[in-house]
Each structure stands twice: as C-alpha cells, then as structure tokens.
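Each chain, letter by letter, is given below.
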Amino acid sequence: MTDIEIDWYISTGEPMDKAGAYGIQGYASRFIERIDGNYSNVVGLPVQLVYTMLKKMKNEENAE
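Now for a description of the structure that goes with this document. Since the model is a prediction, treat every value here as computed from it, not as a measurement.

Conventions used here
- Residues numbered from 1 in each chain as written.
- Predicted model: local features only at pLDDT ≥ 70, side-chain atom pairs only at ≥ 80, totals over all residues.
- Heavy atoms only, no water.
- Helix = DSSP H or I, 4+ residues; strand = E, 2+ residues; numbered from the N terminus.
- Rg over C-alpha atoms; globule rule 2.2 N^0.38 Å.
- Buried < 20%, exposed > 50% of the residue type's maximum accessible area, 1.4 Å probe, protein only.
- Contact = heavy atoms within 4.5 Å.
- Areas by Shrake-Rupley, 256 points an atom, 1.4 Å probe, with all protein chains shown as cover.
- Lys, Arg positive; Asp, Glu negative; His and termini not counted.
- Charge placed at Lys NZ, Arg CZ, Asp CG, Glu CD.

Here we come to the overall build of the chain. Counting its regular elements, the chain contains three helices and zero strands. Ordered by position in the sequence, the α and β elements of the chain form the string α-α-α. For the chain, whose C-alpha radius of gyration is 18 Å, the value lies well above the compact-globule estimate of 11 Å for 64 residues. With respect to the principal axes defined by its C-alpha atoms, the chain has extents near 60 × 20 × 15 Å. Counting only residues that meet the buried cut, the chain has 12% of its 64 residues in that class. Across the chain, the fraction of contacts at a sequence separation of at least 24, relative to all contacts at a separation of at least 6, is 6%. Total accessible area on the chain is roughly 5,400 Å²; 56% of this is exposed by carbon and sulfur atoms. In the chain, 6 positive and 10 negative side-chain charges are present, and the distance between their average locations comes to 10 Å.

Below you can see the structure in the form of structure tokens.
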C-alpha cells in the first residue's frame, strides 16, 4: 500500500476496531490480492470446519 492509500484507509475509520487493523469484507478488500485457505477463517469463525468437526463427533458418538 502506498502512503496515500494508507492515509485514505485510516481516514475511513475502519481499521480502528479490527484485529490486524483490516476487515477483508470492508474497504480493505481492495488491497487483498488472494487468500490462502478458507475465507471464513479470515472473517471469523471457520463455519465449514466447525460443521465438519461437529458432524464427525456425532458420527463417532453414534458408532459407540
């Protein structure tokens, strides 16, 4: 990011309440070139992973 881009982004107020000072779903999205991994891991709770783990736990309980 250039100094001008950084100044602009700070002026939006968005980075002030974010871990890591950016929200990929907000203004900062224009600076993100790629994501390695799952989008929901970046945004917050990895929903697909949690669902898969809960489903596996349920299947293991039913097998006993």
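Read on, since the account is not over.
Here I32 shows up in the loop between α1 (3-11) and α2 (39-43). Overall, the relative accessible area of 32% leaves I32 in the partly exposed class.

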